[in-house]
Amino acid sequence: MKIGIIGAGNIGGNLTRRLTALGHDVSVANSRGPETLRELAEETGATAVRAEDAAEGAEVVVVTVPLKAVPALPAGLLDGAAEGVAVIDTGNYYPQRDGRIAAVEDEGLTESRWTEQHLGHPVIKAFNGTYAQDILDRHRPAGAPDRLALPVAGDDEAAKRTVRALIDELGFDTVDAGTIADSWRQQPGTPVYGLRAGRAAVEKALAEASPERPVDFRG
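Counting of residues starts from 1 at the beginning of each chain's written sequence and follows it residue by residue. Residues qualify for local features only when their pLDDT is at least 70, as the model is predicted, and side-chain atom pairs are given and counted only at 80 or more; totals for whole chains, interfaces and linings, by contrast, use all residues. Side-chain figures throughout are based on the complete set of non-hydrogen atoms in the structure, without hydrogens or water.

Asker: I keep staring at the overall build of the protein chain and nothing clicks. Help me out?
Answerer: We count a stretch as a helix when DSSP gives it H or I for four or more residues in a row; a strand needs E for two or more, and each element gets its number in order from the N terminus. Helix and strand counts for the protein chain come out as 8 helices and 8 strands. For the protein chain, the C-alpha radius of gyration of 16 Å lies close to 17 Å, the compact-globule estimate for 219 residues. Seen along its three principal axes, the alpha-carbon backbone of the protein chain occupies a region of about 45 × 40 × 30 Å. Counting all 219 residues of the protein chain, 52% fall into the buried class. All radius of gyration figures rest on C-alpha atoms, and the globule criterion is 2.2 Å times the number of residues raised to 0.38. Working definition: with a 1.4 Å probe on protein chains only, accessible area under 20% of the residue-type maximum means buried, over 50% means exposed, and in between means partly exposed.

Below, the structure is given as structure tokens:
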């Protein structure tokens, strides 16, 4: 598939490494310009591009930037993407880093709902509680007893199927975590956030989540 990755930090960089290794056509962008991604491009064979061009023709777009950077993403970011593009949101709200976001804290929007409102496109929440190094080191073949499972939430069922299939190809199981309205169950401070476990434990952790935002994650 043609995949655009916006953000080349730990998650974005390691997804670039794995997805190119699996044969996908990856374009990667950051806020500082393609010239700063030369080493990653040379290492992986990905194409370094401007953020404005990362989604061009893409069937999957991964948005993996700090939440505070989402409103500054280029307008019309997804205009050139393929029809039916699946947009993955890996983001988390950390008030100490992002500043206080009233829509999340006072109005009760999930972090991914806030992001998709800025993008003007539905998102699939995935990888937000995944350790970046695990993307490189902890992938396993289907059926392996130590295969990790990742929660995946979203409203667009077709896009969710695309994302879950891609995660399976990356070497991880998935658990359907519900809609974007349900995605608070995998936000920071919940039992599933950062959990390294299989499907049954991930399902249990999602069920045990509380909708009350933990004190450590309030601004």
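Asker: Which parts of the structure should I look at to understand the pattern of salt bridges?
Answerer: Oppositely charged side chains can form a pair if their charged atoms are brought close together. Salt bridges are counted wherever a side-chain nitrogen of Lys or Arg sits within 4 Å of a carboxyl oxygen of Asp or Glu. Tallied over the entire structure, the rule returns 19 salt bridges. For arginine 17, the salt bridge goes to glutamate 43, with nearest N and O atoms at 2.8 Å. On the criterion of sequence distance, the pair formed by arginine 17 in helix α1 (residues 10–21) and glutamate 43 in helix α2 (residues 38–44) is long-range, its members being 26 residues apart. Taking relative accessible area as the criterion, arginine 17 reaches 29% and is therefore assigned partly exposed. A salt bridge links arginine 147 to aspartate 168; the shortest N-O distance between them is 2.9 Å. Placement of the pair is arginine 147 in the loop between α6 (132–137) and β7 (149–154) and aspartate 168 in helix α7 (residues 157–170), with a sequence separation of 21 residues. For arginine 147, a relative accessible area of 4% gives the class buried. Under the relative-accessibility criterion, aspartate 168 is labelled partly exposed at 38%.

Asker: How should the environment of valine 60 be read in this particular structure?
Answerer: Note that valine 60 resides in strand β4 (residues 60–63). On a C-alpha basis, the gap between valine 60 and leucine 166 in space is 9.4 Å, while along the polypeptide they are 106 residues apart. Residue contacts are counted whenever heavy atoms from the two residues lie within 4.5 Å of one another. The residues touching valine 60, leaving out its near neighbours within four places in the chain, are Met1, Lys2, Ile3, Gly4, Val85, Ala86, Ile88, Thr162 and Leu166.

Asker: It is not clear to me how the UniProt feature "domain: Pyrroline-5-carboxylate reductase catalytic N-terminal" (unreviewed entry) in the protein chain should be interpreted in this structure. Could you clarify?
Answerer: UniProt positions are given in the numbering used here, feature names are shortened, and annotations may be inferred rather than shown by experiment. As annotated in UniProt, the feature "domain: Pyrroline-5-carboxylate reductase catalytic N-terminal" (unreviewed entry) corresponds to residues 2–93 in the numbering used here. Within the segment residues 2–93, helix and strand shares are 21% and 22% respectively, and the terminal C-alpha atoms sit 28 Å apart.

Asker: What should I look at first to understand the packing of α1 against α7 in this one?
Answerer: A pair of packed helices is characterised by two quantities: the angle between their axes and the separation of those axes. Comment: axis = line fitted to C-alpha atoms, over the contacting stretch for helices; angle = value between 0 and 180 degrees taken between N-to-C directions. In the contact formed by α1 and α7, the axes pass within 10 Å of each other and the chain directions differ by 80°. Between α1 and α7, the interaxial angle falls into the category roughly perpendicular. The segment α1 lies against α7, with Leu15, Arg18 and Leu19 engaging Leu166, Glu169 and Leu170. In terms of residue class, the contact of α1 with α7 is built from 4 nonpolar, no polar and 2 charged. Note on terminology: angles under 35 degrees are roughly parallel, angles over 145 are roughly antiparallel, angles of 65 to 115 are roughly perpendicular, and the others are oblique. The classification used treats Ala, Val, Leu, Ile, Met, Phe, Trp, Tyr, Cys and Pro as nonpolar, Asp, Glu, Lys and Arg as charged, and all other residues, Gly among them, as polar.

Asker: Would you take a moment to explain the packing of aromatic side chains for this structure?
Answerer: For any pair of aromatic rings, the description consists of the separation of the ring centres together with the inter-plane angle of the planes. Only Phe, Tyr and Trp rings take part, Trp by its six-membered ring, and two of them pair if their centres are within 6.5 Å. Stacked means planes under 30 degrees apart, edge-to-face means over 60, and tilted covers everything else. Inspection of every chain in the model, using the stated rule, returns 1 aromatic pair. An angle of 45° between the planes, with centres 6.3 Å apart, marks the rings of tyrosine 94 and phenylalanine 217 as tilted. Of this pair, tyrosine 94 sits in the loop between β5 (86–89) and α3 (95–98) while phenylalanine 217 sits in the segment after α8 (199–207), placing them 123 residues apart in sequence.

Asker: What's the story with α7 in this structure? I'm lost.
Answerer: Residues lying three or four places apart along an α-helix face the same way, a consequence of the helix completing one turn every 3.6 residues. The first and last C-alpha atoms of α7 sit 20 Å apart over 14 residues, in line with the 20 Å expected at 1.5 Å per residue. Taken as a whole, α7 has its buried residues at Ala159, Lys160, Val163, Leu166, Ile167 and Leu170. Taken down its axis, α7 places every buried residue within 125° of arc, on the same side. With a side-chain oxygen lying 3.1 Å from the backbone nitrogen of alanine 158, the N-terminal cap of α7 falls on aspartate 156. Among the residues trailing α7, glycine 171 stands out with phi positive, at a value near 110°. What a helix is expected to span follows from its residue count: subtract one and scale by 1.5 Å. In this context, the arc is that of the directions from the helix axis out to the C-beta atoms. N or O atoms closer than or at 3.5 Å make up a polar contact, with two conditions inside protein: a donor-capable atom paired with an acceptor-capable one, and, for residues adjacent in sequence, both atoms drawn from side chains.

Asker: What is the right way to read the pairing of strand β1 (residues 2–6) from this model?
Answerer: For a regular strand, the rule is simple: side chains alternate between the two faces of the sheet. For β1, the buried fraction is high: 4 of the 5 residues fall into the buried class. Here, strands pair whenever DSSP counts at least two bridges between them. In terms of strand pairing, β1 meets strand β2 (residues 25–29) through 5 bridges, oriented parallel. Pairing of lysine 2 across the sheet is with aspartate 25, part of β2. Between the parallel pair β1 and β2, the chain is carried across by α1, and the sense of this crossover is right-handed. Across 4 bridges, β1 lies against β4 in parallel orientation. Within β4, the residue paired with isoleucine 5 across the bridge is valine 62. With the strands pointing away from the viewer, any crossover whose connection runs clockwise from the first strand over the helix to the second is right-handed.

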